[in-house]
Amino acid sequence: MTDIDRYAWQALNRHFKTDDLTGLASSRRKFAAHMLPDLQTVIEEQITTLSPKLIGVHQWDEFEAMKLSDMVIRDGDAVALTPLQYQDIDIGEDVPYASLHNGLWLFLVGQEPVAILLSQFFDHWGGRTVQVEIAYLPGEQACAFSRGFLSKIQAAGESSRYYRNKVLSFEFDARNSGMPGTIRVHRLPAVPRNDVVLSEATMARLDANVFDFDRHREGLKRLGQHAQKGILLYGPPGTGKTHVIRYVSANLPGRTTVLVTAEQTTDIACYIALARTLQPSIVVLEDVDLVGRSRENIYSSKAECLLNRLLNEIDGLEPNADILFLLTTNRPEDIEDALASRPGRVDEAIEIPLPDAGCRERLIALYGRALVFEDGALADAVARSENSSAAYVKEMVRRLAQRSLARDGSDVVSREDVEMVFGDTRTLSSRLNSRLLGLSEKTSRGQRAEEDESGCCG
């Protein structure tokens, strides 16, 4: 390319040493937008030793796919050359990936000219697609290079080096991040086993159905058993179902975790495709009852369509799929039997119950690890939090810490502090606050009875 090249057709004519580009042969592949960093990396790895020239090209319409055949046009629709444009994409590393927006590589294979175009376009529903196209004049070396190039590009589209073993969700609005990627990488904190406060029986079921299963999955495959499994975590709000999922994800580092919210179930096919690409993987669908509710309680064709889509996507996986489904619900009785009672969809249901006295004591010690409890204060807090959730216990510990600071700036919690915090009926007795804190209806009724007996008003 020289200073006189202002349009793509001029650069292509010069590169292929002909004014007649109708003899070019080309092939192209289309990929999901989240594969852009992988595709660009594979392109660069294959042609770096060939000393390519990289130039930017102008895209007239971002809703139309760019093609090399468009670049031979010379009239008013001629494609202009532009400066190279890059965009940062979050791939979960300290430094984002500098992704090329549109780029045209020109290089020689032996003495035969080849061109590669990397471009993006939006469909009419706002989704992005990445396209890779290679063009060459018929020649032995160029044809052989093209076949090998496309095979490697296709392999990159069926795997991923950048998103594997990370926690992902689709990002439909990245304006706040400043990075227009379609994948969001979640940086979840590490969750050690001691931070998961459940009964020994519940932990044993998690170990057997999640960690032991994961450890033996290759052996199961060798014995002709499938490695796909569905686990339903159920229990009242605030008992720690999401915390358990974080614990599982953090302690199965060989799996990629894909997070699906209930409102994104309309795109469940995209999520399952991502999980299949990055397997072994985990698919997390929280509040599954919102989309997987019993057909008897479905009153719209749209809701039933969503349920069918979910069931079909789970059923449609290959027999050798290595995917662990983790579903959560606060209302297991509302879930469609075809989902909850069908091995292969949900193979095990594990209750995450309200914490017993021993678990509440461990929770208070965990959340209040920086506090000092006077004699009897910890036992009082355990007793006063009976029939409450882990979320409620966590909030009460924070209020105990706040009270100790307000009193004398210390880290000491007294029995009086416990009495005052747990006896704050003005805050805790309303049904709304009880629900927000995960306080059970039984405890809430008991507190309102105490309030009535004392003559206090909420």
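Everything below is about the structure shown above.
Keep in mind that this is a model prediction, so the values were computed, not measured.

### Concerning empty space enclosed by the protein
A complete count under the given rule lists one cavity of 30 Å³ or more for this structure. In this structure, the largest cavity encloses a volume near 30 Å³. Taken together, ten residues make up the lining of the largest cavity; nearest its centre are Ala33, His34, Ile89, Tyr163 and Thr182. Considered class by class, the residues forming the lining of the largest cavity number six nonpolar, three polar and one charged.

### Things to note about the side chain of Asp322
One can find Asp322 in the loop between α8 (301–315) and β14 (323–329). For Asp322, the side chain forms a polar contact with the side chain of Lys221, separated by 3.0 Å. Setting aside residues up to four positions removed in sequence, Asp322 forms contacts with Arg217, Glu218, Lys221, Ala227, Arg255, Gln279, Pro280 and Ser281.

### A short note on the environment of Ala269
Tracing the backbone shows Ala269 in helix α7 (residues 268–277). Along the sequence, Ala269 and Ile314 sit 45 residues apart, while their C-alpha atoms lie 9.4 Å from each other.

### Comments concerning the layout of surface pockets
Empty space within the second largest pocket amounts to approximately 590 Å³. In terms of lining, the second largest pocket is formed by 27 residues, of which the most central are Gly240, Thr242, His243, Arg246 and Tyr367. A total of five residues in the lining of the second largest pocket trace back to one element, the largest contributor, which is helix α6 (residues 241–250). Of the residues in the lining of the second largest pocket, the class split is 13 nonpolar, seven polar and seven charged.

### Overview of helix α4 (residues 200–215)
Side chains of residues three or four places apart in an α-helix project in the same direction, reflecting 3.6 residues per turn. At Asp207, α4 shows its strongest bend, of approximately 40 degrees. Listed as buried for α4 are Thr202, Met203, Leu206, Asp207, Asn209, Val210, Phe211, Phe213 and Asp214. Residues of α4 that are buried in the fold lie against α5 (217–222), β11 (229–234), α6, β14 and β15 (348–351).

### Remarks on the pattern of salt bridges
A full pass over the atoms with the stated rule returns 24 salt bridges. Here Arg215 and Asp212 are joined by a salt bridge, their closest N and O atoms 2.5 Å apart. Highlighted residues: Arg215 and Asp212, both in helix α4, separated by three residues, approximately one helical turn. Accessibility expressed as a relative area gives 56% for Arg215, which makes it exposed. According to the relative accessible area criterion, Asp212 is partly exposed, its value standing at 30%. With its nearest N and O atoms 2.6 Å apart, the salt bridge here joins Asp214 to Arg255. Of this pair, Asp214 sits in helix α4 while Arg255 sits in the loop between α6 and β12 (256–260), and the two are 41 residues apart along the sequence. Take Asp214 and Arg255: they sit in the same class, and that class is buried. Connected via shared salt-bridge partners are Asp214, Arg217, Glu218, Lys221, Arg255 and Asp322.

### Looking at unusual backbone geometry
Note: most residues except glycine have negative phi, and most peptide bonds are trans. Along the chain, Gln279 connects to Pro280 via a cis peptide bond; the corresponding omega equals 10 degrees. Here Pro280 is to be found in the loop between α7 and β13 (281–285). In this model, Lys17 sits at a positive phi of 55 degrees, which is unusual for a non-glycine residue. Within the secondary structure, Lys17 is located in the loop between α1 (8–16) and β1 (25–32). Even without being a glycine, Asn165 presents a positive backbone phi close to 65 degrees.

So, how was this worked out
- Every chain is numbered independently, its residues counted from 1 as its sequence is written.
- Only residues with pLDDT of 70 or above have their local features reported here, since the model is predicted, and side-chain atom pairs are shown and tallied only from 80 upward, although totals for entire chains, interfaces and linings are computed over all residues.
- The basis for every side-chain value is the complete set of non-hydrogen atoms in the structure, without hydrogens or water.
- The rule is simple: put a 1 Å grid over the protein atoms alone, call a set of points where a 1.4 Å probe fits but cannot get out a cavity, call an open set with protein on both sides within 12 Å along at least five of seven lines a pocket, and count a residue as lining if it has an atom within 4 Å of a point.
- Grid points are joined across faces, edges and corners, and a volume is the space filled by probe spheres set on the points.
- Polarity classes work like this: nonpolar for Ala, Val, Leu, Ile, Met, Phe, Trp, Tyr, Cys and Pro, charged for Asp, Glu, Lys and Arg, and polar for all others, with Gly in that last group.
- Runs of H or I in DSSP of at least four residues are treated as helices and runs of E of at least two as strands, each being numbered from the N terminus.
- Polar contact criterion, stated in full: a pair of N or O atoms within 3.5 Å, where within protein one must be able to donate a hydrogen and the other to accept it, and residues adjacent in sequence count only if both atoms are side-chain atoms.
- Two residues qualify as a contact provided that any one of their heavy atoms is within 4.5 Å of a heavy atom in the partner residue.
- In this analysis the local bend is the angle between axes fitted, respectively, to the seven residues ending at and the seven residues starting at the residue.
- For every residue, the accessible area (1.4 Å probe, protein chains only) is compared with the maximum for its type, and the residue is labelled buried under 20%, exposed over 50%, or partly exposed between those bounds.
- Any Lys or Arg side-chain nitrogen located within 4 Å of an Asp or Glu carboxyl oxygen qualifies as a salt bridge.

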